[in-house]
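# Working through the structure, step by step
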Amino acid sequence: MYLFNPQIKKTEVLRRCLRRGSFLLCFTAPLVHAVEADQDSLIEIKDEIDQLKNSYEDRIAKLEARLLEMEKKERADAQKIERVEKQVQATSAVAVHNTAKLKTVKQDLTESNAEMIKLELEDNEITRGFTFNGYFRSGIGTDDSGNSMEAFKAPNSQSKFRLGNEAETYVETAFGYTFPELDLPDGVEFSIGLRPSYSVPNANSAKSTFSWREAYAQAKGVWAGQKEASFWAGQRFYGRFDVHMTDFYYLDMSGFGGGVENIELGDIGDLSVAWLGGSIDKLDSNGSTELNGVSGKNSLDIRLSDLSVPGGKGMIWLDIADVKDSLKPNGSNVQIEGSAGAAIGFLHESEGFFGGTNRAMVQYGVGAAANFKATEPDYSGIAPPSDQDPLKINYSDVKHFRFVNDLIVRPSDQWSMQATTVYDSFDTGVAQSGQVDWFSLGLRPVYYLNDYFSLALEAGVDHTRQKGGDSGEVYKITFAPQISAGKDHFSRPSLRLFVTYAAWSDEFIGKVSPQNYGGDSQGLNIGVQAEAWW
């Protein structure tokens, strides 16, 4: 039965068989049978059996000795295999450990080297702490006769629809520095900002107006109880809000001055206070028009922003201003009888409307603060010619109301649109011609062909009415294929080809595009333009 038991080794089977005589019995059984058959051969057989017995016992002894050696070798091999397996396991464990350790060391070295390289670059890089951003627009356009294009703008309106309607080149470059070499605590930062700009009226003009639009310093984190508050002084763009498609800055208190921003008032909002005075520079808010004079206006600007209001966020704005007597401010033929004044406004911002945003502001001002700027108003629309006596304006009689809505929507991945509405009523207090009402309505849808190519269409109308003067409309439409850096309404840079058509009321003939279409009530411009900000 040992022969058929797989659990017993072959050597063990052989040993058991030998020890029990089974092996001898197998060979002697026929011989015993022969003895019974032939008694005469019994002795001979017995002798043979003895010989066989001795021979097999000797062979068995040798086999047992060999089996013993085989077992010893088997045990030795098993022990050797066990030692090898343990060594392999130990080696594998060491290898795994060393591999993990090597990865860690390599990662540490990589991070350390990267940090060292970064620090070395920062120590030696001249741009450390330096920032650079800006804006420009530039191109060329002609009328239907090949003359240098002239923008279509309604008389007494404070802006124009700008797509395919900008003849000038305007560039502003902003440079900043944050003084990284100073050993300042975390959260404390000193910085400066400089913004030189220039403007060229059109492609055929050799005249360039240069201006420093910003030159100021700022300190943040120095007020222990107000880490987000920042102090500033100098000349700067301050708290500006505009409608992009018309480049209309409906609140622009930019100028010379100083103040503190972002004083946190708990859950109420943030407070900012600034004293602003004088004219900002030689250019108006959008940089397209050169100003010819400076003013002596002083303003105290107070804002409470980031207010939680129904539907979004809000801002309350208050301006208290004073103007001294002056003659021909900003080059207009007017004589100012100065006084104090005040203005107030409320701004509402909401998000999520068709994937976009909406901003609305209502403003009202009287006296010196009535134009919602740090500079004096532009009276060129109502001022008499320079060879006549100046128009006298008493600031005590000036009042101004304005409502602006600026909507941007993104109803789908292929479409976006901006729409604007403006109503403005400005009364200078002059009985004969001092009040000007302006209404503006327009939209600019953009269809995206792919990630870079798009088609823009801008349509708008401006209606103005001057008391005792002209009243009428300017209608303008522009089609512009564009190449832009993305599928967003404000993706820039943007390169565009444009065709612009405008028509206006007969009352405005000679006033909308006086040089190119002085005797007409309609006009056409074509051209190319590049626009970018960074």
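Below or above, wherever it landed, is the structure these notes cover.

Conventions we followed
- Residue indices begin from 1 for each chain and proceed along its sequence in written order.
- A pLDDT threshold of at least 70 governs which residues receive local features in this predicted model, and a stricter bar of 80 or more applies before side-chain atom pairs are shown or counted, although totals over entire chains, interfaces and linings include all residues.
- To get the side-chain values, take all heavy atoms of the structure and skip hydrogens and water.
- Numbered from the N terminus, helices here are DSSP runs of H or I no shorter than four residues, and strands are runs of E no shorter than two.
- Between buried and exposed lies partly exposed: a residue is buried under 20% and exposed over 50% of the maximum accessible area for its type, with that area taken using a 1.4 Å probe on protein chains only.
- Working rule for contacts: check all heavy atoms of both residues, and any pair within 4.5 Å makes them a contact.
- Here the open area of atoms and residues is found with the Shrake-Rupley method and a 1.4 Å probe, where only the protein chains shown may cover a residue.
- We place a 1 Å grid over just the protein atoms. Points where a 1.4 Å probe fits but has no way out form a cavity, open points with protein on both sides within 12 Å along at least 5 of 7 lines form a pocket, and any residue with an atom within 4 Å of a point lines it.
- Grid points are joined across faces, edges and corners, and a volume is the space filled by probe spheres set on the points.
- Residues are grouped as follows: nonpolar covers Ala, Val, Leu, Ile, Met, Phe, Trp, Tyr, Cys and Pro; charged covers Asp, Glu, Lys and Arg; every other residue, Gly included, is treated as polar.
- In what follows, salt bridge is the name for a side-chain nitrogen of Lys or Arg lying within 4 Å of a carboxyl oxygen of Asp or Glu.
- A 3.5 Å cut-off defines polar contacts: any pair of N or O atoms within that distance qualifies, except that in protein one atom must be a possible hydrogen donor and the other a possible acceptor, and neighbouring residues in sequence count only when both atoms are side-chain atoms.
- Paired strands, in this sense, are two strands between which DSSP finds at least two bridges.
- A patch consists of residues whose relative accessible area exceeds 30% and which take part in no salt bridge; residues with like charges are grouped when within 9 Å of each other, and nonpolar side chains (Val, Leu, Ile, Met, Phe, Trp, Tyr) when within 5 Å.
- For the charge count, each Lys or Arg is scored as positive and each Asp or Glu as negative, with His and the chain ends excluded.
- Here the site of a charge means NZ on Lys, CZ on Arg, CG on Asp, or CD on Glu.

The secondary structure content of the protein chain amounts to three helices and 23 strands. Expressed as a percentage of the 534 residues in the protein chain, the buried residues total 41%. Nonlocal contacts in the protein chain, meaning residues at least 24 apart in sequence, comprise 62% of its contacts between residues at least 6 apart. Element-wise, carbon and sulfur atoms account for 58% of the exposed surface of the protein chain, whose accessible area totals about 28900 Å².

To continue, consider the layout of surface pockets. Computed from the structure, the second largest pocket encloses a volume of approximately 610 Å³. Elements represented by at least two residues in the lining of the second largest pocket include exactly β1 (130-143), β2 (169-177), β6 (241-243), β14 (340-353), β15 (356-367) and β17 (399-412). Ranked by residues supplied to the lining of the second largest pocket, first place goes to β1 with four residues. When the residues that make up the lining of the second largest pocket are grouped by side-chain class, the tally is eight nonpolar, eight polar and eleven charged.

Attention now moves to the environment of Ser-230. Tracing the chain through its elements places Ser-230 in strand β5 (residues 230-236). It is 9.4 Å that separates the C-alpha atoms of Ser-230 and Ser-272, two residues lying 42 residues apart in sequence. When residues no more than four places from it in sequence are discounted, the contact partners of Ser-230 are Gln-218, Ala-219, Lys-220, Gly-259, Val-260 and Glu-261.

With that settled, consider the pattern of salt bridges. Summed over all chains, the structure comprises 24 salt bridges. Glu-531 is the partner of Arg-162 in a salt bridge, and the nearest nitrogen-oxygen pair spans 3.4 Å. Of the two residues, Arg-162 sits in the loop between β1 and β2 while Glu-531 sits in strand β23 (residues 522-533), which places them 369 residues apart along the sequence. With respect to class, Arg-162 is no different from Glu-531; both count as buried. With a closest N to O distance of 2.7 Å, Arg-303 and Asp-301 form a salt bridge. One salt-bridge network, held together by shared partners, links Arg-137, Arg-162, Glu-166, Glu-168, Asp-247, Arg-492, Arg-496 and Glu-531.

Before going further, it helps to spend a moment on empty space enclosed by the protein. In this structure the tally under the stated criterion is four cavities of 30 Å³ or more. When its volume is computed, the largest cavity comes out at roughly 70 Å³. Around the largest cavity sit Arg-444, Val-446, Tyr-448, Ser-454, Ala-456, Gln-482, Ser-484, Asp-488, His-489, Ser-491, Arg-492 and Arg-496, which together line it. Counting residues per element, the ones that place at least two in the lining of the largest cavity are β19 (435-448), β20 (453-466) and β21 (471-484). In terms of residue count, β19 provides more of the lining of the largest cavity than any other element does, three residues in total. In terms of residue class, the lining of the largest cavity is built from three nonpolar, five polar and four charged. Taken as a whole, the second largest cavity encloses approximately 40 Å³ of empty space.

We now examine the side chain of Asn-371. Turning to its location among the elements, Asn-371 is positioned in the loop between β15 and β16 (391-394). Here the side chain of Asn-371 touches Lys-297 through a polar contact of 2.7 Å, side chain to side chain.

A word on the pairing of strand β13 (residues 334-337). On a regular strand, one side chain projects to one face of the sheet and the next to the other, so that they alternate. The alternating pattern of β13 places Val-334 and Ile-336 on a buried face, while none of Gln-335 and Glu-337, on the opposite face, is buried. Here strand β12 (residues 326-327) pairs with β13 via two bridges, running antiparallel. For Ser-326, the partnering residue across the bridge sits in β13 and is Ile-336. Here β12 folds back onto β13, and the loop between the two strands holds six residues, one of which, Lys-328, carries a positive phi near 55 degrees.

Before going further, it helps to spend a moment on the sheet that holds β12. Ordered in space as β12-β13-β16, the three strands form an open sheet in which the pairing is mixed. Two strands close off the open sheet at either side, each with one partner strand: β12 and β16. When β13 meets β16, the two strands line up parallel, connected through four bridges. Of the residues in β16, the one forming a bridge with Val-334 is Leu-391.

As a further point, take the pairing of β21. Judged by which residues are buried, β21 turns out to be one-sided: Gly-472, Val-474, Lys-476, Thr-478, Ala-480, Gln-482 and Ser-484 face inward and are buried, whereas Ser-471, Glu-473, Tyr-475, Ile-477, Phe-479, Pro-481 and Ile-483, on the alternate face, are not. Here β20 runs beside β21; their pairing, made up of 13 bridges, is antiparallel. Across the sheet, residue Leu-457 finds its bridge partner in β21, namely Phe-479. Where β20 hands over to β21, the hairpin turn is made up of four residues, of which Gly-468 adopts a positive phi near 75 degrees. Note that β21 and strand β22 (residues 494-504) share nine bridges and pair antiparallel. Bridge pairing links Ile-483 to Leu-495 in β22.

A cluster of like negative charges, contributed by Glu-44, Asp-47, Glu-48 and Asp-50, occupies part of the molecular surface. When you line up the elements, Asp-50 lands in helix α3 (residues 42-124).

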